[in-house]
Amino acid sequence: MNLAQWIQLLAVVGLGTAAQLALKAAIDNGKPAQDAEEAILRRLLRSPLIWVWFLCYVVSTSLWLWALRTIPLSQAFPILGLQFALVPLASSHFLGEKLSWKQWLGIAIIVIGVAFVGRP
Amino acid sequence: MNIEKSKQIYYTTICVGIGFGVLGQLLLKLVALQTTGGAFVWSVIPGLIVALIIYSIGVLFWIFSLRHIRLSVAYSLSSLNYVGILFGSYYMFGEQIDAARISGVALIFTGVFLVVSRSGEKKPLEMQETLLRPELVPLQEEKVQI
């Protein structure tokens, strides 16, 4: 893949990660989510962060479609797995979640795998 | 209905979910290829909507099944996504799939599996959830007769 194609896919994954974090923050809203299901849903719909989630999702999906114009699906789809590395990293950085050694190892292996798949 | 039977139902729904997901991605690729000529073409909109609906059905099946299937099992099954996508891309779009790509995919899947299976966790996710929400206790007879 060339640089432009990398940027497209990284943007898809980055926006996907932002969407997940926004959703998590919207659900928590300062409190741990232990209420009944309806309470969580109501909280979710009232939070402005739900719009961040929605926007990220729409833009990410459009970019994905754009990326598929030129990148082979067998190459682009596995690279989406990078989100499984980015979400824990972002959760640890922004939400203060603790990562286990297994997760760190997994993140490293995903990055190596992505480099393999993305080879030009 | 016994527990074995109800488990089978959820394995079926999760596989259906993966199938729809793969099909949705392949259709999205098909739609994307139709726009490579240049400017945006309105005629691809119906195809795009169909692809997104099929993909969403896959996600719904997946989420539904995830409530009842152990996360580690569900993620093992999710490797079928990669298998389906690679086969589909090869046969539908004639993409070149070499050893490097396959080993890369295997690495990514291994990594994802490690990230998802958190070490030092005594109880699987669905059990913790069950403790908080008793109504979720999944494999009971009356809940299965849908």
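Residues numbered from 1 in each chain as written. Chains lettered and ligands numbered in written order. Predicted model: local features only at pLDDT ≥ 70, side-chain atom pairs only at ≥ 80, totals over all residues.

K.L.:
Explain the overall build of chain A to me, please; I cannot follow it from the model alone.
P.N.:
Helix and strand counts for chain A stand at six helices and zero strands. Secondary structure of chain A in N-to-C order comes out as α-α-α-α-α-α. Each principal axis of the C-alpha atoms in chain A carries an extent, and together these give about 50 × 35 × 20 Å. Burial statistics for chain A: of 120 residues in total, 35% are counted as buried. Counting only contacts in chain A whose residues sit at least 6 apart along the sequence, the fraction spanning at least 24 positions is 76%. (Helix = DSSP H or I, 4+ residues; strand = E, 2+ residues; numbered from the N terminus. Buried ≥ 20, exposed ≤ 12 C-beta atoms within 10 Å, placed from the backbone. Contact = placed C-beta atoms within 7 Å.)

K.L.:
Mind showing me how you'd approach the nonpolar core here?
P.N.:
Soluble globular proteins tend to pack their nonpolar side chains together in the buried interior. Counting residues in hydrophobic clusters, the biggest one holds 55 residues, and the most contacted among them are Ala67, Leu68, Ala76 and Ile110 of chain A together with Ile108 of chain B. With 10 residues, the single largest contributor to this core is helix H1 (residues 3-33) of chain B. (Core = buried A, V, L, I, M, F, W, Y, C linked by C-beta atoms within 7 Å.)

K.L.:
Would you mind showing me how to read the interface of chain B and chain A here?
P.N.:
Interface extent is often summarised as the accessible area lost during association of the parts. Of the residues lining the interface, 30 residues belong to chain B; the matching set on chain A comes to 29 residues. Mapped by element, the contributors of at least two residues to the side of chain B that touches chain A are H1, helix H4 (79-93) and helix H5 (99-116) of chain B. Sort the elements by how many residues they give to the side of chain B that touches chain A and H5 of chain B lands first, with 12 residues. Split by residue class, the side of chain B that touches chain A holds 15 nonpolar, 11 polar and four charged. (Nonpolar A, V, L, I, M, F, W, Y, C, P; charged D, E, K, R; others polar.)

K.L.:
It is not clear to me how the confidence of the model for chain A should be interpreted in this structure. Could you clarify?
P.N.:
Close inspection of predicted coordinates is inappropriate in any region flagged by low pLDDT. Taken as a whole, chain A shows an average pLDDT of 89; of its residues, 92% reach a score of 70 or greater. Confidence, expressed as mean pLDDT per element, reaches its minimum in chain A at helix H2 (residues 37-46) of chain A with 74 and its maximum at helix H4 (residues 73-79) of chain A with 96. (pLDDT = per-residue confidence, 0-100.)

K.L.:
Mind showing me how you'd approach the packing of helix H6 (residues 101-118) of chain A against H5 of chain B here?
P.N.:
The description of two helices packed together rests on the angle between their axes and the distance between the axes. The geometry of H6 of chain A relative to H5 of chain B is characterised by a closest axis approach of 7 Å and an angle of 160 degrees between their N-to-C directions. Put simply, H6 of chain A runs roughly antiparallel to H5 of chain B. The handedness of the crossing between H6 of chain A and H5 of chain B is left-handed. Each of Lys102, Gln103, Leu105, Gly106, Ile107, Ile109, Ile110, Ile112, Gly113, Val114, Phe116 and Val117 of chain A in H6 of chain A lies in contact with H5 of chain B, whose residues at this interface are Ala100, Arg101, Ser103, Gly104, Val105, Leu107, Ile108, Thr110, Gly111, Val112, Leu114 and Val115 of chain B. (Axes fitted to C-alpha atoms, helices over the stretch in contact; angles between N-to-C directions. Parallel < 35°, antiparallel > 145°, perpendicular 65-115°, else oblique. Left-handed = near helix turned anticlockwise from the far one by under 90°.)

K.L.:
Quick question: what am I supposed to make of the confidence of the model for chain B here?
P.N.:
All names here are of chain B. When pLDDT is averaged along chain B, the result is 80, and 75% of the positions lie at 70 or above. The spread of mean pLDDT over the elements of chain B runs between helix H7 (residues 141-144), the lowest at 40, and H4, the highest at 95. Segment residues 120-146 is flagged for pLDDT under 50; beyond a separation of four residues in sequence, or across chains, it makes 24 contacts in the model. As scored by the predictor, the complex reaches a pTM of 0.81 and an ipTM of 0.88.

K.L.:
How do you make sense of the environment of Lys29 of chain B when you look at a structure like this?
P.N.:
As for its placement among the helices and strands, Lys29 of chain B is situated in helix H1. According to the C-beta neighbour criterion, Lys29 of chain B is buried, with 25 such atoms within 10 Å.

K.L.:
Before we go on, may I ask you to explain the packing of helix H5 (residues 83-94) of chain A against H6 of chain A in this structure?
P.N.:
All names here are of chain A. As a packed pair, H5 and H6 sit with axes 9 Å apart at the nearest point and diverge in direction by 140 degrees. Taken as axis vectors, H5 and H6 run oblique relative to one another. For the pair H5 and H6, the sense of crossing is left-handed. Taken together, the residues of H6 that come into contact with H5 (itself represented by Phe84, Ala85, Pro88 and Leu89) are Gln103, Ile107, Ile110 and Val111. Counted by class, the contact of H5 with H6 contains seven nonpolar, one polar and no charged residues.

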